[in-house]
Amino acid sequence: MSTMNTVGRPTTPNRVESKPATLTGGRGLLQNEALIFEGDGWGKTGVDLPQPATDGSDLGDLVRRDPIGLPGLSEPETMRHYVRLSQKNHAIDLAIYPLGSCTMKHNPRLNEKMARLPGFSDIHPLQPQSTVQGALQLMDSLSHWLTTLTGMPAVALSPKAGAHGELCGLMAIRAAHRAAGNGLRSDTPRNKVLVPTSAHGTNPATAAFVGYTVVEIAQTDDGRVDLADLEAKLGDDVAAIMVTNPNTCGLFERDILEISRLTHEAGAYFYCDGANFNAIVGRVRPGDLGVDAMHINLHKTFSTPHGGGGPGAGPVVLSEALAPFAPAPWVVNTGDGFQLVEREEDEAEQAFGRLCAFQGQMGMYVRALSYMMSHGADGLRQVAEDAVLNANYIKARLSDVMSAAFPEGPCMHEALFDDEWLKGTDITTLDFAKAMIDEGFHPMTMYFPLVVHGAMLIEPTETESKAELDRFIHAMRALAEAAKAGDVDRFKGAPFHAPMKRLDETRAARQPVLRWTAPDGSNMAAE
Ligand SMILES: *Cc1c(COP(=O)(O)O)cnc(C)c1O
């Protein structure tokens, strides 16, 4: 494989310790970067502003007398600080990001251009609706495509993430049960939500937050919902089931129609976790499967940025039965304009109210619609097909050196391995993941789903070319062979080449140091 020599296993051990340390701590044009507080920004400011002409201030006693306590940097210093920090991190603009249960390894630049159009970026939620008709039209179009692609009649756009969408869906379900007289506080309470063992942690957390008791549904040996166990647990005390499809093992729930039939027969609602919608978009409409509510993580299926916890959007589509319980606001096309229904007196009588202030994340709506329109219906369908094809390629190419968690049959958009193949090597999934960093690859999702021992969940998505997948596979195979050959050192101390070496992750989680404090006696304060 001569084309792969860039990631081939080095012929001599390539350890940092075997090289002379640099005198400055920098490495190959990458300088060390201290915290912004540790630089020499104290006692200066980045800009010179003239003294204000007025004397005195309306603030009276509130006027600051002490130094503000922030470093001041010039524009180039500020820029370099943040660019250098960014170089210590991985980004989807650098290479494959094989995390499973995450999707979107690409944020098209077209989306960014559209989101910055003044008619979308320079508007305020309190502007008169007549002045933001274009933005409302965009929300209407997005709603149209989300309901069309899912085959569901209604959508609530405002939830800010998948987990928030779950909250929205379960609150609508609770409102529907209450309206029917069998809510949580009635004499015949439906107080349980059934959740499969492989579910994402947000599912049981959401159900508990809304006031339900979570009951686990068992999983079959081939990674699907155990129908017999579901049937045994369904009853008139169950409010809803929460099932992910394709599920977190990267598998399609073959019995999905039977699951929804049994659920409805028991008088419960079917909440589908739609985090993996990207694997079936354009091919399967969840509405046709009997789903009552499903969130769509726009950052997982429609290319909006994951944003490090920043503004996100997780719209929820709702069935006929749940539509009357959708939260405000929603957009109505009145024929001669668009109207955002947001006042209580306009709301459906049984709606559970508002989920958040204003209308949700406009910038995400623009990016998602931009992605949909640039792909078209055929393009979105191809996204799903290519995402599944790529995952199956990885599964097929790695299954002889690693152990697939569910070897039988094809997977959907994620290839899932367990740590069976590492048995006897003294190397763990975590060690293996750290060694991947040294080879230039961000690790896959580890130890999730919990039902698979030492899980390694790989989701390439449709955006990776065959050449990139081959480079990734080559590195994985080389590492797997090194692990089996007993090259334990390569794994135990890894990463050797990253800016941060092996961290004590437990301690970081248990004793986080989130605030910088000036060393004693230092005079780090600026006017
Ligand atoms: C990502 C994910 C969630 C939570 O979505 P957020 O947008 O991160 O809140 C829920 N369920 C599954 C299966 C997921 O992959």
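Residues numbered from 1 in each chain as written. Predicted model: local features only at pLDDT ≥ 70, side-chain atom pairs only at ≥ 80, totals over all residues. Heavy atoms only, no water.

Named according to an unreviewed UniProt entry, the protein is glycine dehydrogenase (aminomethyl-transferring) originating from Brevundimonas halotolerans. In its Function (unreviewed entry) section, UniProt records this for the protein: "The glycine cleavage system catalyzes the degradation of glycine. The P protein binds the alpha-amino group of glycine through its pyridoxal phosphate cofactor; CO(2) is released and the remaining methylamine moiety is then transferred to the lipoamide cofactor of the H protein." (UniProt positions renumbered as here; feature names shortened; annotations may be inferred.)

### What to know about the site of the ligand
Within the structure, the ligand sits among 14 residues, and Ser101, Gly162, Asp273, His299 and Lys300 are positioned closest to it. Within the backbone of Ala163, a nitrogen or oxygen atom sits 2.8 Å from an oxygen atom of the ligand. One of the side-chain N or O atoms of Asp273 is found 2.5 Å from a nitrogen atom in the ligand. Look at the ligand: alone it shows 380 Å² of surface, and the protein chains cover 87% of it. Top contributing element to the shell around the ligand by residue count: helix H5 (residues 162-179), with three residues. Class assignment for the residues of the shell around the ligand results in three nonpolar, eight polar and three charged. (Near = heavy atom within 4 Å. Polar contact = N/O pair within 3.5 Å; in protein donor to acceptor, adjacent residues only side chain to side chain. Areas by Shrake-Rupley, 256 points an atom, 1.4 Å probe, with all protein chains shown as cover. Helix = DSSP H or I, 4+ residues; strand = E, 2+ residues; numbered from the N terminus. Nonpolar A, V, L, I, M, F, W, Y, C, P; charged D, E, K, R; others polar.)

### Section: the domain arrangement of the protein
Buried accessible area, meaning the area lost when the parts come together, often serves as the stated size of an interface. Segmenting the protein into domains produces domain 1 (111-371) and domain 2 (377-509). One C-alpha centre belongs to domain 1, the other to domain 2, and the line joining them spans 30 Å. Taken together, the contacts link 25 residues of domain 1 with 20 residues of domain 2. Between domain 1 and domain 2, roughly 1800 Å² of surface is buried when both sides are summed, and carbon and sulfur atoms account for 65% of that area. Summed over the shared surface of domain 1 and domain 2, the number is one salt bridge. Inspection of the domain 1/domain 2 interface yields five residue pairs in polar contact (both at pLDDT 80 or more). Taken together, the residues that form the side of domain 1 that touches domain 2 break down as 11 nonpolar, 11 polar and three charged. (Domains from an automatic or database assignment. Contact = heavy atoms within 4.5 Å. Buried area = accessible area lost by both parts, 1.4 Å probe. Salt bridge = Lys/Arg side-chain N within 4 Å of Asp/Glu carboxyl O.)

### Regarding the sheet that holds strand S3 (residues 213-217)
Read from one edge to the other, the open sheet built from seven strands follows the order S1-S7-S6-S5-S4-S2-S3, with strand pairing classed as mixed. The open sheet has two free edges, formed respectively by strand S1 (154-156) and S3, since each of these has just one partner strand. Recorded for the sheet is a direction-independent mean angle of 25° between the axes of neighbouring strands. Examined bridge by bridge, strand S4 (residues 238-244) and strand S5 (residues 269-273) share five bridges and lie parallel to one another. By the bridge assignment for S5, Ile241 is matched with Phe270. Sheet strands in contact with helix H4 (residues 133-150) are S1, strand S6 (293-295) and strand S7 (316-318), and its direction is about 125° off that of S1. The strands touched by H5 within the sheet are S1, S4, S5, S6 and S7, with S5 carrying the most contacts at an inclination of about 175°. (Pairing = 2+ DSSP bridges. Axes fitted to C-alpha atoms, helices over the stretch in contact; angles between N-to-C directions.)

### Notes on unusual backbone geometry
Cis rather than trans, the peptide bond between Phe448 and Pro449 has omega equal to 0°. At the junction of Ala494 and Pro495, the peptide bond is cis and its omega measures out at 5° in the coordinates. The topology assignment puts Pro495 in the loop between helix H13 (488-492) and helix H14 (505-510). Non-glycine residue Ser101 carries a positive phi angle of around 60°. Within the secondary structure, Ser101 is located in the loop between helix H1 (75-87) and helix H2 (109-115). Here Ser101 falls in the buried class, since its relative accessible area comes to 10%. Positive phi values are uncommon outside glycine, yet Asp426 reaches one of about 70°. Residue class for Asp426 comes out exposed when judged on its relative accessible area of 56%. (Buried < 20%, exposed > 50% of the residue type's maximum accessible area, 1.4 Å probe, protein only.)

### Regarding the environment of Asp419
Among the secondary structure elements, Asp419 is positioned in the loop between strand S11 (415-418) and helix H11 (429-438). Using a relative accessible area of 17% as the deciding quantity, one classes Asp419 as buried. Spatially, the C-alpha atom of Asp419 lies 48 Å from that of Asp40, the residues being 379 residues apart in sequence. Each residue touching Asp419, except ones within four places of it in the same chain, is listed here: Ser403, Thr429, His453 and Gly454. Side chain to side chain, Asp419 and His453 meet in a polar contact 2.9 Å long.

### Some remarks on the state of the cysteines
Tallied over the full model, the rule gives zero disulfides. Considering cysteine sulfurs only, Cys249 is the nearest to Cys272, which forms no disulfide, with 15 Å between them. For Cys272, a relative accessible area of 3% translates into the label buried. For Cys356, which is in no disulfide, the shortest distance to another cysteine sulfur is to Cys168 and amounts to 9.0 Å. (Disulfide = S-S within 2.5 Å.)

### Details of the nonpolar core
By size, the foremost hydrophobic cluster in this structure holds 58 residues, and its most contacted members are Leu146, Leu230, Leu298, Phe302 and Tyr365. Where this core is concerned, the elements lending two or more residues are H4, S3, S4, helix H8 (256-265), S5, strand S9 (338-341) and helix H10 (362-398). Taken domain by domain, the makeup of this core includes at least three residues from each of domain 1 (111-371) and domain 2 (377-509). Sequence-distant contacts of Leu298, defined by excluding residues within four places in its chain, comprise Leu146, Ser303, Thr304, Ala313, Pro315, Met364, Tyr365 and Ala368. If you look at the next biggest cluster of nonpolar residues, it comprises 31 residues, including Met402, Ile427, Ala435 and Leu479. (Core = buried A, V, L, I, M, F, W, Y, C linked by side-chain atoms within 4.5 Å.)

### Section: the UniProt feature "domain: Glycine dehydrogenase C-terminal" (unreviewed entry) in the protein
Using the residue numbers shown here, the UniProt feature "domain: Glycine dehydrogenase C-terminal" (unreviewed entry) corresponds to residues 385-483. End-to-end, the C-alpha atoms of residues 385-483 are 33 Å apart, and along that stretch the chain is 42% helix and 11% strand.

### Digging into the packing of H4 against H10
For the pair H4 and H10, the least separation of the axes is 10 Å and the interaxial angle reads 45°. Accordingly, the angle class assigned to the pair H4 and H10 is oblique. Read as a crossing pair, H4 and H10 show a hand that is left-handed. Across from Ala135, Leu138, Met139, Ser141, Leu142, Trp145, Leu146 and Leu149 in H4, the residues of H10 making contact are Met362, Tyr365, Val366, Ala368, Leu369, Met372 and Leu380. (Parallel < 35°, antiparallel > 145°, perpendicular 65-115°, else oblique. Left-handed = near helix turned anticlockwise from the far one by under 90°.)

### Some words on the packing of aromatic side chains
For the structure shown, the criterion picks out five aromatic pairs. Between Phe432 and Phe491, the aromatic rings sit 6.1 Å apart at their centres with planes inclined by 10°, giving stacked as the arrangement. Residue Phe432 is found in helix H11, and its partner Phe491 is found in helix H13; the two are separated by 59 residues along the sequence. Of the two residues, Phe432 and Phe491, neither departs from the other in class, the shared state being buried. Chaining the aromatic ring pairs together yields one cluster made of Trp421, Phe432 and Phe491. (Phe/Tyr/Trp six-rings, centres within 6.5 Å; stacked < 30°, edge-to-face > 60°.)

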